[in-house]
Amino acid sequence: MEKRKSSVIFRRIFWILLYAAGCVAAGRIEGLPAVTADIRQAPCVALTFDDGPDRKYTPQLLDGLKERGVKASFFVIGKNISGNEELLVRMKEEGHLIGNHTYSHVQLNKISSEKAREEVEKTSNEIFEVTGVYPSYIRPPFGAWPKQLDLAVTMFLVMWDIDTLDWKSKSISSIVQIVETEVKDGSIILMHDEYATSVEAALKIVDILREQGFRFVTVDEMLVV
């Protein structure tokens with residue numbers, strides 16, 4: 001009971017901090033309350049990348065984001081951390097958010113609650129061992145989140161409202177077109193950092209949306225409306 005109470009208190013405090021950040025979002029961050037006040041200075045959008053870190057393409061993406069002064073959110077797979085620890089350290093040092101994407105990219109509602117919890121906790125522990133920061137955000141593979149995990153895993157669940165299908169099309173023009181067509185203030189964009197086309201498309205998206213006045217933020221700066 002005390003653990004659950006502490007989690008509720010943390011979420012309330014966290015909401016206050018996020019509200020003060022001044023970015024109201026339409027993307028989904030489960031577990032945060034709705035607000036109607038809009039005190040942002042510019043429309044916000046969050047670039048998120050799943051399935052990494054990738055030894056070849058993640059560094060290229062980080063280079064491009066650093067050059068543009070843009071922060072993103074990376075939901076990493078636990079089994080991909082070994083041998084790529086320096087990439088997680090770099091993400092942290094350069095101000096990106098590191099989230100949990102399970103250890104082996106398993107669909108959590110297809111396995112037992114115990115196994116699902118292990119998938120999450122093992123990845124969170126590895127992220128902590130490398131970065132010294134325990135992740136607060138999780139994106140479940142395929143967007144599948146069993147409700148019975150709510151009490152066992154006290155993390156913020158992050159979904160998306162724009163699926164670029166970059167893993168499927170591997171087409172820069174298609175990826176960019178999807179974003180340009182669907183983007184709005186508060187959008188959370190789903191991409192992957194394991195394809196050359198995704199990296200190039202992501203950087204094009206940054207350049208295009210910044211020209212349109214969008215501000216790029218990490219998901220912890222987002223609120224639900």
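Throughout what follows, the structure given in this document is the object of discussion.

**Re the pattern of salt bridges**
Okay, step 1: Taken as a whole, this structure holds seven salt bridges when the rule is applied.
Okay, step 2: The partner of lysine 184 in a salt bridge is aspartate 161, with the nearest N and O atoms 2.9 Å apart. One end of the pair, lysine 184, is in the loop between helix H6 (172-182) and strand E8 (187-192); the other, aspartate 161, is in the loop between strand E6 (156-158) and strand E7 (162-163), with 23 residues separating them in the sequence.
Okay, step 3: Taking relative accessible area as the criterion, aspartate 161 reaches 25% and is therefore assigned partly exposed.
Okay, step 4: Through salt bridges with shared partners, a single network forms among Asp63, Lys66, Arg90 and Glu94.

**Let's talk about the packing of helix H2 (residues 57-68) against helix H3 (residues 85-93)**
Okay, step 1: Contact geometry of H2 with H3 gives a least axis separation of 11 Å together with a crossing angle of 15 degrees. On the basis of the axis angle, H2 is roughly parallel to H3. Read as a crossing pair, H2 and H3 show a hand that is left-handed. In this structure, H2 contributes Thr58, Pro59, Leu62, Asp63 and Lys66 to the contact, and H3 contributes Leu87, Arg90 and Met91.
Okay, step 2: Of the residues assigned to the contact of H2 with H3, the class counts are four nonpolar, one polar and three charged.

**Brief notes about the environment of threonine 154**
Okay, step 1: Residue position: threonine 154 is located in the loop between strand E5 (137-138) and E6.
Okay, step 2: Along the sequence, threonine 154 and isoleucine 138 sit 16 residues apart, while their C-alpha atoms lie 9.8 Å from each other.

**Examining the environment of aspartate 193**
Okay, step 1: Position of aspartate 193 relative to the elements: it lies in the loop between E8 and helix H7 (196-211).
Okay, step 2: Linking aspartate 193 and aspartate 166, residues 27 residues apart in sequence, is a C-alpha distance of 9.7 Å.
Okay, step 3: Sequence-distant contacts of aspartate 193, defined by excluding residues within four places in its chain, comprise Phe49, Asp50, Asp51, Gly52, Pro53, Asp54, Tyr57, Thr58, Leu61 and Phe74.
Okay, step 4: Reaching out from aspartate 193, the side chain makes a polar contact with the side chain of threonine 58 at a distance of 2.8 Å.

**Description of the packing of H3 against helix H4 (residues 113-131)**
Okay, step 1: For the pair H3 and H4, the least separation of the axes is 9 Å and the interaxial angle reads 75 degrees. In terms of their interaxial angle, H3 and H4 are classed as roughly perpendicular. Across the interface between the two elements, Glu85, Leu88, Val89 and Lys92 from H3 touch Ile127, Val130 and Thr131 from H4.
Okay, step 2: Its residues assigned to classes, the contact of H3 with H4 comprises four nonpolar, one polar and two charged.

**Observations concerning unusual backbone geometry**
Okay, step 1: Note the cis peptide between glycine 52 and proline 53, where omega equals 0 degrees.
Okay, step 2: Tracing the chain through its elements places proline 53 in the loop between strand E2 (44-50) and H2.
Okay, step 3: Its identity is not glycine, yet aspartate 51 carries a phi of approximately 80 degrees, on the positive side.
Okay, step 4: With respect to the secondary-structure elements, aspartate 51 resides in the loop between E2 and H2.
Okay, step 5: Of note, the phi angle at lysine 170 is positive, near 50 degrees, even though the residue is not glycine.
Okay, step 6: Summarising the element assignment, lysine 170 is placed in the loop between helix H5 (166-169) and H6.

Reading the values: the criteria
Residues numbered from 1 in each chain as written. Predicted model: local features only at pLDDT ≥ 70, side-chain atom pairs only at ≥ 80, totals over all residues. Heavy atoms only, no water. Salt bridge = Lys/Arg side-chain N within 4 Å of Asp/Glu carboxyl O. Helix = DSSP H or I, 4+ residues; strand = E, 2+ residues; numbered from the N terminus. Buried < 20%, exposed > 50% of the residue type's maximum accessible area, 1.4 Å probe, protein only. Axes fitted to C-alpha atoms, helices over the stretch in contact; angles between N-to-C directions. Parallel < 35°, antiparallel > 145°, perpendicular 65-115°, else oblique. Left-handed = near helix turned anticlockwise from the far one by under 90°. Contact = heavy atoms within 4.5 Å. Nonpolar A, V, L, I, M, F, W, Y, C, P; charged D, E, K, R; others polar. Polar contact = N/O pair within 3.5 Å; in protein donor to acceptor, adjacent residues only side chain to side chain.

The quantities given are spatial measurements derived from coordinates; they are silent on function.
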